[in-house]
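So the chains spell out like this:
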Amino acid sequence: MATETHGEAEAGLVFHPMDQFQVTPLFGAGPVEWFTITNATLWMGLSILVIFVILVLGARGRALVPTRSQSIAELAYGFIYKMVEDVTGKDGVAYFPYIMTLFMFIVVANFLGLLPMAFTTTSHIAVTAVMAMAVFLAVTVLGFVKNGFGFLSVFWISSAPLVLRPILALIEVISYFVRPVSHSIRLAGNMMAGHAVIKVFAAFAPLVLISTGIGLVVTPLSILAITAMYALEVLVSFIQAYVFAILTCVYLRDALHPHH
Amino acid sequence: MTGDIVQMGAYIGAGLACTGMGGAAVGVGHVVGNFISGALRNPSAAGGQTATMFIGIAFAEALGIFSFLVALLLMFAV
């Protein structure tokens with residue numbers, strides 16, 4: 001996001017909390033073109049690799065009594081399958097592979113981003129906006145293909161009083177087109193904010209090296225705060241991936257059954 | 001005292017935009033609090049409604065994240 005080079009001019013322990021989100025070329029220096037292999041590319045590739053190891057290699061045994069890695073894959077599969085079935089209904093199960101792909105990519109990218117020195121790909125709106133726009137376009141096209149122009153009845157709430165319906169239709173249209181924005185920024189904002197907060201506390205942690213007076217109070221407190229925020233971030237990483245997947249299911253349900 | 005008045009306004013605006021997060025906090029707390037109070041009255045029905053709770057949280061939280069976005073835009077884009 002920020003293109004300026006923060007914190008590099010100052011020496012020592014000073015760093016900018018947003019530095020961790022900088023996209024830099026992996027090999028050599030130079031401008032970042034669309035084809036440049038950057039750290040974002042590396043960590044997205046690593047996410048795919050981890051998903052492959054968990055879901056393909058881990059579940060390869062097909063054992064009746066699952067091994068540890070197989071049970072992780074089975075838990076993830078069963079969890080998402082049940083969610084799609086509950087929220088979207090029986091006919092939404094056909095789109096389960098897409099939602100499973102989205103969920104696994106986001107949850108693994110979030111968890112990999114929690115590793116120290118890692119790059120969080122999902123903290124970039126460029127990454128999440130592509131996923132959200134893909135969901136938005138797919139759901140809109142699917143709604144028109146499945147229902148024809150009857151899909152427009154998603155904006156016309158027939159259970160509301162007739163006087164209110166035009167106003168509600170306006171609100172519904174606006175909220176429909178805000179969906180990709182809120183869908184993408186929710187994930188990116190959560191990941192970015194959490195990581196930035198950890199880095200802000202990390203900047204306070206080495207204060208004991210500078211002044212032993214106030215440092216003796218601030219350093220343990222900030223290390224405690226980093227630990228607490230990290231635990232919260234582990235939770236948030238999972239919940240945000242879950243929320244992204246469940247909102248995709250909700251949008252899918254609207255496309256399949258537009259009549260309220 | 002360096003910098004121009006536009007940057008000062010942007011920073012003040014970014015700080016003010018962050019007050020919107022308090023609204024999101026109230027909203028999320030309201031959703032979860034009501035879910036818990038309902039779940040304690042009828043624990044057998046609670047399991048099936050967890051997904052609905054998360055959808056409600058997501059919608060309440062989206063508006064707080066918009067204020068965060070405004071703050072970021074003021075800090076880095078304006």
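In this numbering scheme, every chain counts its residues from 1 along its sequence in written order. In the order they appear in the text, chains get letters beginning with A and ligands get numbers beginning with 1. The predicted origin of the model limits local features to residues at a pLDDT of at least 70 and limits the giving and counting of side-chain atom pairs to 80 or more, whereas totals for whole chains, interfaces and linings rest on all residues.

Draft legend 1. Spatial organisation of the overall build of chain B. Strands are runs of DSSP state E lasting at least 2 residues, helices are runs of H or I lasting at least 4, and numbering of each runs from the N terminus. If you tally the helices and strands in chain B, you get 4 helices and 0 strands. N-terminal to C-terminal, the α/β element order of chain B is α-α-α-α. A compact globule built from 78 residues would reach a C-alpha radius of gyration of about 12 Å, whereas chain B, at 18 Å, exceeds it by more than 25%. Principal axes of the C-alpha set define a box for chain B whose edges measure 60 × 20 × 10 Å. Counting other C-beta atoms within 10 Å of a residue's own tells you its class, since 20 or more makes it buried, 12 or fewer makes it exposed, and anything in between is partly exposed; those C-beta atoms are placed from the backbone. Expressed as a percentage of the 78 residues in chain B, the buried residues total 14%. Contacts in chain B between residues far apart in sequence, at least 24 positions, make up 89% of those at least 6 positions apart. We compute the radius of gyration from the C-alpha atoms alone; for a globule the expected value is 2.2 Å times N to the 0.38, where N is the number of residues. By definition, residue pairs are in contact when their C-beta atoms, positioned from the backbone, come within 7 Å.

Draft legend 2. Spatial organisation of the interface of chain A and chain B. Each partner contributes residues to the interface: chain A has 15 residues there, and chain B has 11 residues. Put simply, the parts of the chain that give the side of chain A that touches chain B at least two residues each are helix H2 (68-88), helix H5 (165-204) and helix H7 (212-256) of chain A. Partitioning the side of chain A that touches chain B into residue classes produces 11 nonpolar, 2 polar and 2 charged. Gly is placed with the polar residues, together with every amino acid not listed as nonpolar (Ala, Val, Leu, Ile, Met, Phe, Trp, Tyr, Cys and Pro) or charged (Asp, Glu, Lys and Arg).

Draft legend 3. Structural context of H5(A). For H5(A), which comprises 40 residues, the first-to-last C-alpha distance of 54 Å matches the rise-based estimate of 58 Å (1.5 Å per residue) to within 8%. Fitting axes to the seven residues ending at a residue and to the seven starting there, one defines the bend at that residue as the angle between these axes. The sharpest bend along H5(A) comes to roughly 45°, located at Val178(A), with the proline Pro180(A) sitting one to four residues further on. Expected helix span is computed as 1.5 Å times (number of residues minus one).

Draft legend 4. Local environment of helix H1 (residues 39-57) of chain A. All names here are of chain A. Here H1 contains 19 residues, and its C-alpha end-to-end distance of 25 Å stays within 8% of the 27 Å for a straight helix at 1.5 Å per residue. Within H1 the residues assigned to the buried category are Ala40, Ser47 and Leu55. Each buried residue of H1 sits inside an arc of 45° when the element is viewed along its axis, so together they form one side. In H1, the exposed positions that point more than 90 degrees away from the buried face belong to Gly45, Leu49, Phe52, Val56 and Leu57. At its buried positions, H1 is contacted by H2 and helix H3 (96-113). Think of the arc as the fan of directions from the helix axis to the C-beta atoms.

Draft legend 5. Region of interest: the nonpolar core. Think of a nonpolar core as buried Ala, Val, Leu, Ile, Met, Phe, Trp, Tyr and Cys residues chained together by C-beta atoms that fall within 7 Å. Grouped together as the largest cluster of nonpolar side chains are 45 residues, with contacts concentrated most on Phe103(A), Ile106(A), Ala245(A) and Cys249(A). Those elements giving two or more residues to this core turn out to be H2, H3, helix H4 (125-147), H5 and H7 of chain A together with helix H4 (50-77) of chain B. Looking at this core element by element, the count peaks at 10 residues for H7(A). Beyond its immediate stretch of four places on either side in the chain, Phe103(A) contacts Ile80(A), Ala241(A) and Ala245(A).

Draft legend 6. Broad picture of the environment of Trp34(A). Mapped onto the secondary structure, Trp34(A) falls in the segment before H1. A C-alpha to C-alpha distance of 12 Å links Trp34(A) and Thr24(A), two positions 10 residues apart in sequence.

Draft legend 7. The environment of Ala63(A), seen in detail. Along the polypeptide, Ala63(A) turns up in the loop between H1 and H2. C-alpha of Ala63(A) to C-alpha of Ala94(A): the two residues are 31 residues apart in sequence and 26 Å apart in space.

Draft legend 8. Expanded view of the packing of H5(A) against H7(A). Residue and element names in this part refer to chain A. In this description, a line fitted to the C-alpha atoms serves as the axis of each element, helices being fitted only across the stretch in contact, and the angle between N-to-C directions of two axes falls anywhere from 0 to 180 degrees. Axis separation between H5 and H7 bottoms out at 8 Å; the angle between their running directions is 170°. Looking at the two axes, H5 sits roughly antiparallel to H7. Classifying every residue of the contact of H5 with H7 by side-chain character gives 17 nonpolar, 5 polar and 3 charged. An angle counts as roughly parallel when it lies under 35 degrees, as roughly antiparallel when it exceeds 145, as roughly perpendicular when it falls between 65 and 115, and as oblique in every other case.

Draft legend 9. Structural context of unusual backbone geometry. Even without being glycine, Met117(A) reaches a positive phi, approximately 70°. Here Met117(A) lies in the loop between H3 and H4.

Draft legend 10. Geometry of the confidence of the model for chain A. pLDDT is a per-residue confidence score from the predictor, ranging from 0 to 100. With 94% of its residues at a pLDDT of 70 or more, chain A shows a mean pLDDT of 85. Within the model, pLDDT remains below 50 along residues 1-12 of chain A, and this stretch shows 12 contacts once partners closer than five positions in the same chain are excluded.

Draft legend 11. Summary view of the packing of H3(A) against H7(A). Residues and elements named next belong to chain A. Contact pair H3 / H7: the axes reach a minimum separation of 8 Å and the direction vectors enclose 160°. The angle between H3 and H7 falls in the class roughly antiparallel. The chirality of how H3 crosses H7 is right-handed. Touching Ile99, Leu102, Phe103, Ile106, Val107, Asn110 and Phe111 of H3 are Ser237, Phe238, Gln240, Ala241, Phe244, Ala245, Thr248 and Cys249, all from H7. Across the contact of H3 with H7, the residue classes tally to 11 nonpolar, 4 polar and no charged. If you view the pair so one helix is near and one far, a crossing is left-handed when the near helix is turned anticlockwise from the far one by less than a right angle, and right-handed when it is turned clockwise.

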